[in-house]
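The primary structure of each chain is shown beneath.
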Amino acid sequence: MGDNALWNMKASALLELMTAGEVSATEVVEAFLDRISEVEPKVGAFLEVMREEGLAQARRIDKLRQSGEYPGLLGGLPVAVKDNICVAGARCTSGSRMLANWIAPYDATVVRALKEQGAVIIGKTNMDEFAMGSSTENSALGLTRNPWDPRRVPGGSSGGSAAAVAAGEVPLALGSDTGGSVRQPAAFTGVTGLKPTYGRVSRYGLVAFASSLDQIGPIAADVKDVCLLMDVISGFDERDSTSEDRPVPSYSRVLSKSARGLKAGVPKECLTQGVSRGVRECFERALEILEDLGIGIKETSLPMIRYALDCYYIIAPAEASSNLSRFDGVRYGLRAEAKSLEEMYMRTRRNFGPEVRRRIMLGTFALSAGYYDAYYLRAAKVRTLIRRDFKRAFEEFDILLSPTTPTTAFLLGERTQDPLSMYMADVLTVPANLAGLPALSVPCGFEDVPSGGNGEKETLRRLPVGLQITGRPFDEETVLCAGYAFYQAVAAAVEAELTCMRKGLGQVG
Amino acid sequence: MPESALNEGRAIPEDLEMVVGLEVHVELLTKSKMFCRCSTRFGDPPNSNVCPVCLGLPGSLPVVNREAVRLAVIAALALNCRVNPRSRFARKNYFYPDLPKGYQISQYEEPLAVGGYVMIPGPPPKKIRIRRLHLEEDAGKSMHAGEDITRAAYSLLDFNRCGVPLIEIVSEPDICSPEEARQYLEELRRILEFTGVSDVKMEEGSMRVDSNVSLRRLGQERLGALVELKNLNSFRAVVRALTYEKDRQSRILAAGGTVLRETRGWDESLEITVPLRLKETSEDYRYFPDPDLHPLVLSEEWLEKVRREMPPLPEEKRGYYVNVLGIPAYDAGILTSSRKLSEFFDECVSRGADPKVASNWILSELLGYMNSRGLGLDAIPTSPEFLVKLIRLIDKGVISGRIAKDILAKMCETGRDPEEIVREEGLQQVTDEAFLVRVIDEVIAENPSAVEGIKKGRSKAIAFLVGQVMKKTGGRANPELVNIIIKSKLE
């Protein structure tokens, strides 16, 4: 076990080995399944590991390769899928008791694409219930820990997917991002995550939280691997009316482009939103690196984004309150027995967790007669203004830069009693969802924090910090290109820490 | 207690007028559902036409059926509405077991079309304005093991109908009597059937009617509260329920009571309306634009294309029949009472039949046959081709008009070719003069009084004798020839 272990390799490297015939898909999948068995008790990233299906698929891929057939872009690569994305025949719980035993009868469009390209789906990952949360603590079905520090949260809501990639349990994973749920956990766990432009990736088969904000996105160890997944999952889907029918570039290919000469803006509002000193220092160093790469950096202003979080917490719950109405106990999922229909509804829906119930209440209120104009409609107008701010900024800049999160990973339980402090974890990521823009989180350094715990002996913990790069609608290319250029500059340092952390995780104790 | 007024038997004030607005739901004649590709076929085994989308499974998304939009636009144009180039789908949120998503996708603030009207014949003719026409999806069907959902031991759900495209047509409160309501509905049904928008079968639920009723003093502002009537499953039920409501509300007002704002249902067996729920706690559907669907934007070119390819409206066809084909107005009205009937007639004409002759045969004989047996045109196995053949056989003198009527009945029963019927059953006219003279002599001998009449100049008597000859020959004698022979013998 060590630096050269298969589980410590990136998807692109694994693919090369498999293509060259140096290692089989079965060996790769077995290596990751073994790694899962080894570290999962400490991480808890998965709700379900699909061992048999995974190995069967790996053997199929090996047969294809042996008979000289092309096994697809991802031939033999293990992928973990967030548990709000349907995989036919597998449970799809969305982290909720309501769907704890619901087996999806169909594949999400992205899952179908993964399968067609030879991916091996090896498990479903933990998440905040119905993707509502920023720490994965709202999962009703399991606890996920941050591999960098088991006392800390992995972020959320795609905490399981991010933790799995960080821990070396899987090289690639899918998450979903409604207000930062791919980027924020990617930042907290020191991996790379992209929220694509709204409409770039089909939502068909993604259990809806807030339909106008939700977007499925890839999580991987680096930008190159993120591109690999983007090449598979992007594009128009006739089953999703909000997906856009426009050409999709080969993202892997844009990495060879130079980032030199790009113009980057730094919205000054982003550094006032409770950003910690460690995060600020990492971010400032990142700006210097980007300047060295020939990217022009200038401060700018997006005055309306100070209202983004407020706006988000009207629109997202409003849509959620409607989207979650279908979980009524009538046709599938959990049903509480009762004497009358009304009572059945009430008792069944009491099984939503407290955060989900809070948001259903908020959203129902925001849409109610007499309040609609003051809340939902006003939020929709603010959203238009936020879009306008971005549009104006992108007339001058190619990309916008900020930290992904104001702080590094917080302690388990630290914010569960204070929803507003939890919501603050998304303050920098929410604007891209409201404006529908592509945004990448890429590791940019570490903050050393005391490992916490009262009365315990203080030791310093290295916690990853994420850099967020936001781009124009459907211009993932530029975002990924800049992200790749940046990551090249920090990769050695980041990956040394990552490998060290992964090794530590595998040690007994 | 306003209801107690019913028992006091006070006179109904004469100056009360009813104000009625109708909300009509019509299923569109598409092959597939509004937001998925499942079949819309009626009568299939329960839950056989379903998929993740119409079952509202987690993760599924709606995609608008273009054909449904086209049919809805045709309906809107046929009802003289203004089609909005941009409309929006909205979610209507409420909980009910047959509504799998917990919301219905409908249209709310930005409907497909507004501001239309329908002319009803009266007398006097009257314009009933249409406030709006919008697209939405149907819900599933609940079947309760017991009287209703509150008392049922269990309920079963069939989602075949769930997601079937509907248009809702909302009239202005321009209707002032049950008869006007009936005329409005008849007219609506005819237009929608004629333009191929719907099969408008109330018995299969493809046309459903809700009504808002209130009373006011003639020419004055609204008096009573608005009562919504549901479960109106036939035009007859609409008329009966409105008549009942007028009476009920009048009596309450006459007794100085107050009409409650509520929803009432029509009880078909008791022929009364019964309260369903009080309207005062009106349900809040929390409408908002459906984020899964972009606004529905219709280009001017596309609208123009739909307009151009629109099937003719009943009035247009009626005008053509009267002015070009010379059909009497009344007959033209009947021919255009349904699309199928007018198409049947059109085909007869295009196959070369004289329009008036074809019209007469269709209206008197074909419709007579259908009405006497309570059958629709679909259930009659004959065709325009055969009717035209039949008319030709008369023209050529092969058969008499009387025999032709019998042949038509046979055609309607069996779908056989009239020429074949004539050949196989030997129904050709008899023109053999020697044979006819023999029969005529018999008839003259048997009817001395009629012969007497003819000699006195009573022309009716000739007709009587001709009739007797026809009878004796089983209708096969050539009546003109018989006429000539009788006249030559007796004059």
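Parameters and conventions
Residues numbered from 1 in each chain as written. Chains lettered and ligands numbered in written order. Predicted model: local features only at pLDDT ≥ 70, side-chain atom pairs only at ≥ 80, totals over all residues. Helix = DSSP H or I, 4+ residues; strand = E, 2+ residues; numbered from the N terminus. Rg over C-alpha atoms; globule rule 2.2 N^0.38 Å. Buried ≥ 20, exposed ≤ 12 C-beta atoms within 10 Å, placed from the backbone. Contact = placed C-beta atoms within 7 Å. Nonpolar A, V, L, I, M, F, W, Y, C, P; charged D, E, K, R; others polar. Pairing = 2+ DSSP bridges. Core = buried A, V, L, I, M, F, W, Y, C linked by C-beta atoms within 7 Å. Domains from an automatic or database assignment. Axes fitted to C-alpha atoms, helices over the stretch in contact; angles between N-to-C directions. Expected span 1.5 Å × (residues − 1). Left-handed = near helix turned anticlockwise from the far one by under 90°. pLDDT = per-residue confidence, 0-100. Right-handed = clockwise from strand over helix to strand, strands pointing away.

**Things to note about the overall build of chain A**
For chain A, the count of helices and strands is 16 helices and 11 strands. The C-alpha radius of gyration of chain A comes to 21 Å, within 12% of the 23 Å expected for a compact globule of 509 residues. Across its three principal directions, the C-alpha atoms of chain A cover 65 × 60 × 55 Å. Taking all 509 residues of chain A together, 59% fall into the buried category. Counted over contacts in chain A with a minimum sequence separation of 6, partners at least 24 positions apart contribute 77%.

**Things to note about the overall build of chain B**
Within chain B one finds 15 helices and 16 strands. Expected size for 491 residues packed as a compact globule is a radius of gyration near 23 Å; at 30 Å, chain B overshoots this value by more than 25%. Once the C-alpha set of chain B is aligned to its principal axes, its extents read approximately 90 × 60 × 50 Å. Every one of the 491 residues in chain B was classed for burial, and the buried ones make up 38%. Considering only residue pairs separated by 6 or more positions, chain B has 68% of its internal contacts joining residues 24 or more positions apart.

**Observations regarding the interface of chain B and chain A**
Residue-level contacts link 25 residues of chain B with 33 residues of chain A. Split into classes, the residues belonging to the side of chain B that touches chain A amount to 15 nonpolar, 5 polar and 5 charged.

**Considering the sheet that holds strand 15 (residues 288-289) of chain B**
Residue and element names in this part refer to chain B. In spatial order, the strands read 5-4-15; together these 3 strands make up an open sheet with antiparallel pairing. Looking at which strands have only one partner, the edges of the open sheet turn out to be strand 5 (103-106) and strand 15. Note: strand 4 (residues 90-93) against strand 15, 2 bridges, orientation antiparallel. For Ala 90, the partnering residue across the bridge sits in strand 15 and is Pro 289.

**Regarding the nonpolar core**
Core analysis: the largest hydrophobic core is formed by 230 residues, its most contacted members being Val79(A), Ala72(B) and Ala75(B). The leading source of residues in this core is helix 16 (residues 476-506) of chain A, at 11 residues. With near-sequence residues (within four places) excluded, Val79(A) lies in contact with Leu114(A), Ala119(A), Val120(A), Ile121(A), Val170(A), Leu172(A), Ala173(A) and Leu174(A). Leu335(B), Leu408(B), Met411(B) and Cys412(B) belong to the second largest nonpolar core, which has 28 residues in total.

**Digging into unusual backbone geometry**
Trans peptide bonds make up the majority, and among non-glycine residues the majority have a negative phi. Here the amide bond leading from Gly122(B) into Pro123(B) is cis, since omega sits at 10°, within 30 degrees of zero. Structurally, the position occupied by Pro123(B) is in the loop between strand 6 (113-120) and strand 7 (126-137). The amide bond that connects Pro123(B) to the next residue, Pro124(B), takes the cis arrangement and shows omega of -10°. The phi dihedral of Phe130(A) falls on the positive side, at around 50°, and the residue is not glycine. Along the polypeptide, Phe130(A) turns up in the loop between strand 3 (120-125) and helix 5 (159-166).

**Observations concerning the domain arrangement of chain B**
When cut into domains, chain B gives domain 1 (2-289), domain 2 (312-425) and domain 3 (433-490). Between the C-alpha centres of domain 1 of chain B and domain 3 of chain B the distance comes to 63 Å.

**A word on the sheet that holds strand 7 (residues 263-267) of chain A**
Residue and element names in this part refer to chain A. Reading across from one edge, 1-3-2-4-6-5-10-11-9-7-8 is the order of the 11 strands in this open sheet, with mixed pairing throughout. Of all the strands in the sheet, just strand 1 (46-49) and strand 8 (296-300) have a single pairing partner and so form its edges. Direction aside, the axes of adjacent strands within the sheet are offset by 30° on average. Sheet analysis places strand 5 (residues 192-195) next to strand 6 (residues 216-220), joined by 2 bridges and oriented antiparallel. When the sheet's bridge partners are listed, Thr 192 is paired in strand 6 with Ala 220. In the packing of helix 2 (residues 25-43) onto the sheet, contacts are made with strand 1, strand 2 (78-82) and strand 3, and the angle to strand 3 comes to roughly 20°. Strands in contact with helix 3 (residues 51-66) are strand 1, strand 2 and strand 3; relative to strand 3, the strand with the most contacts, it is inclined by about 160°.

**Concerning the environment of Val73(B)**
Residue and element names in this part refer to chain B. Along the polypeptide, Val 73 turns up in helix 1 (residues 66-78). By the C-beta count within 10 Å, which is 24 here, Val 73 ends up buried. Linking Val 73 and Arg 307, residues 234 residues apart in sequence, is a C-alpha distance of 8.7 Å.

**Section: helix 7 (residues 339-350) of chain B**
Residues and elements named next belong to chain B. For helix 7, with 12 residues, the first-to-last C-alpha span of 16 Å sits near the 16 Å given by 1.5 Å per residue. Taken as a whole, helix 7 has its buried residues at Arg 339, Ser 342, Phe 344, Phe 345 and Cys 348. The secondary structure elements touched by the buried residues of helix 7 are helix 2 (178-194), helix 5 (314-323), helix 6 (329-335), helix 8 (355-373) and helix 9 (384-395). Gly 352, located one to two residues past helix 7, shows a positive phi value of around 100°.

**Examining helix 14 (residues 459-472) of chain B**
Residue and element names in this part refer to chain B. With 14 residues, helix 14 should reach 20 Å at 1.5 Å per residue; the first-to-last C-alpha distance of 21 Å fits that figure. Considering only its buried residues, helix 14 is in contact with helix 10 (401-414), helix 12 (433-446), helix 13 (448-455) and helix 15 (479-490). A positive phi of about 65° marks Gly 474, the residue just after helix 14.

**A few points about the packing of helix 13 of chain B against helix 14 of chain B**
All names here are of chain B. The N-to-C vectors of helix 13 and helix 14 enclose an angle of 145°; their axes lie 7 Å apart at closest approach. Note on packing geometry: the crossing formed by helix 13 with helix 14 is left-handed. In this structure, helix 13 contributes Ala 450, Gly 453 and Ile 454 to the contact, and helix 14 contributes Ala 461, Ile 462, Phe 464 and Leu 465.

**Some details on the pairing of strand 2 of chain A**
Residue and element names in this part refer to chain A. Within strand 2, 5 of the 5 residues are buried, leaving the element largely enclosed by the surrounding structure. Judged by which residues are buried, strand 2 turns out to be covered on both faces: Pro 78, Ala 80 and Lys 82 on one side and Val 79 and Val 81 on the other are all buried. One ladder, built from 5 bridges, connects strand 2 with strand 3; its direction is parallel. Bridging across to strand 3, Pro 78 finds its partner in Val 120.

**Some remarks on the confidence of the model for chain B**
When pLDDT is averaged along chain B, the result is 87; 93% of the residues meet or exceed 70. Under a pLDDT of 50 for its full length, residues 1-10 of chain B has, in the predicted model, 15 contacts with residues more than four places off or in other chains.

**Observations regarding the environment of Thr416(A)**
Relative to the helices and strands, Thr416(A) is located in the loop between strand 9 (399-403) and helix 14 (419-424). Between the C-alpha atoms of Thr416(A) and Glu355(A), which are 61 residues apart in sequence, the distance is 9.6 Å.

**A word on the environment of Cys270(A)**
Residue and element names in this part refer to chain A. Summarising the element assignment, Cys 270 is placed in the loop between strand 7 and helix 9 (277-292). Along the chain, Cys 270 and Leu 401 lie 131 residues apart, while their C-alpha atoms are 8.9 Å from each other. Discounting residues that sit within four places of it in the chain, Cys 270 has contacts with Ser 402 and Leu 428.

**Some points on the pairing of strand 3 of chain A**
Residues and elements named next belong to chain A. With respect to burial, strand 3 is a largely interior element, 6 of its 6 residues being buried. Bridging between strand 1 and strand 3 involves 3 bridges; their strand directions are antiparallel. Bridge pairing in strand 3 links Glu 48 to Lys 124. Regarding the hand of the β-α-β motif, the stretch spanning strand 2, helix 4 (residues 109-116) and strand 3 is right-handed.

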